[in-house]
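# Structural description and commentary
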Amino acid sequence: KRILLVVLPLQVVVNTAMVVVEETPPGTMGWMTWRDVLHFFDVVCCCAILFPIVWSIRHLREAALADGKARRTLDKLKLFREFYVMVVCYIYFTRIVVYLVRATLSCELGWVAKLSSELASLAFYVLVGLKFRPHADNPYLRVDDEDRDGVELQNQLQTDV
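Residues numbered from 1 in each chain as written. Predicted model: local features only at pLDDT ≥ 70, side-chain atom pairs only at ≥ 80, totals over all residues. Heavy atoms only, no water.

## Thoughts on the overall build of the protein
Rule in force here: By the criteria applied, helices consist of DSSP H or I runs no shorter than four residues and strands consist of E runs no shorter than two, each listed in order from the N terminus. Here, residues are in contact when the closest pair of their heavy atoms is within 4.5 Å. Using a 1.4 Å probe, the Shrake-Rupley method yields the accessible areas, and only the shown protein chains count as cover for residues.
Along the backbone of the protein there are five helices and zero strands. Helices and strands appear in the protein in the N-to-C order α-α-α-α-α. Long-range pairs, those at least 24 residues apart, make up 68% of the contacts in the protein with a sequence separation of at least 6. Summed over its atoms, the accessible surface of the protein is roughly 11700 Å², and 67% of this surface lies on carbon and sulfur atoms.

As structure tokens, then:
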């Protein structure tokens, strides 16, 4: 949580500064330095977001070994790993590959980098939506039998009062 509390506001500031730098003329003193520094911090922030995901995967793996609900936990772990791979691919593509494409193409073909970034974003959000859509076998929405017993007992106590 602490990492997210630091990284997310930093990423908002970095991306806002990147917009300001991109809107200034490239001939301005220090423009390339600021652009490169902000791009570096953007990549660092994106990589820092990956640490909580890795820790959650490790926690799920440990919970699967220690808990009697190993099957359910392993289903969550599999889904979370797939999400992790999608996030890593998205970050590397949009932050590094698109940057390299933009740097190597001529100014007339600058739209190709923007198009590839937008298509990657669209694909990422569609895939995440498909992976986490509500369905009957969703491991995150499943209610355990012991949880049902507790809810039924609580409902019974409320109706008796």
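## Brief notes about helix H4 (residues 110–131)
Basically, it comes down to this: Helix span, expected: 1.5 Å multiplied by one less than the number of residues in the helix. Three exposure classes are used, based on accessible area relative to the maximum for each residue type with a 1.4 Å probe and protein chains only: buried under 20%, partly exposed in between, and exposed over 50%. Throughout, the arc means that of the directions going from the helix axis to the C-beta atoms.
Over its 22 residues, H4 runs 32 Å from end to end, which matches the ideal 32 Å to within 8%, given 1.5 Å per residue. Among the residues of H4, those classed as buried are Ala113, Ser116, Ser117, Ala120, Ser121, Phe124 and Val128. Buried residues of H4, viewed axially, fall in a sector of 135°; they line one side. Residues of H4 that are exposed and angled more than 90 degrees away from the buried face: Trp111 and Leu122.

## Considerations on the nonpolar core
Stated formally: Put simply, a nonpolar core is a bunch of buried Ala, Val, Leu, Ile, Met, Phe, Trp, Tyr and Cys residues held in one set by side-chain atoms that sit within 4.5 Å of each other.
Counting 15 residues, the largest nonpolar core has Leu50, Ile53, Phe83, Val87, Ile91 and Phe124 as the members making the most contacts within it. Taken together, the elements giving at least two residues each to this core come down to helix H2 (31–66), helix H3 (70–104) and H4. When residues in this core are grouped by element, the largest group, eight residues, is from H3. What Val87 contacts, discounting residues up to four positions off in sequence, is Leu50, Ile53 and Phe124.

## Quick notes on the environment of Tyr84
Topologically, Tyr84 is positioned in helix H3. Judged by its relative accessible area of 24%, Tyr84 is partly exposed. Residues Tyr84 and Leu50, spaced 34 residues apart in sequence, show a C-alpha to C-alpha distance of 7.8 Å. In this view, Tyr84 contacts Leu50, Ile53, Val54 and Ile57; residues no more than four positions away in its chain are not counted.

## Focus on the confidence of the model for the protein
Selection criterion: Per-residue confidence from the predictor is reported as pLDDT, which spans 0 to 100.
Per-residue confidence for the protein gives a mean pLDDT of 80, with 81% of residues at or over 70. Here helix H5 (residues 145–160) stands out as the least confident element of the protein, with mean pLDDT 61; H4 is the most confident, with 92.

## A short note on the environment of Arg95
You can see Arg95 is positioned in helix H3. Along the backbone, Arg95 and His39 are 56 residues apart, and their C-alpha atoms lie at a distance of 8.0 Å. Once you skip the residues sitting within four places of it in the chain, Arg95 turns out to touch Gln11, His39, Asp42, Val43 and Cys46.

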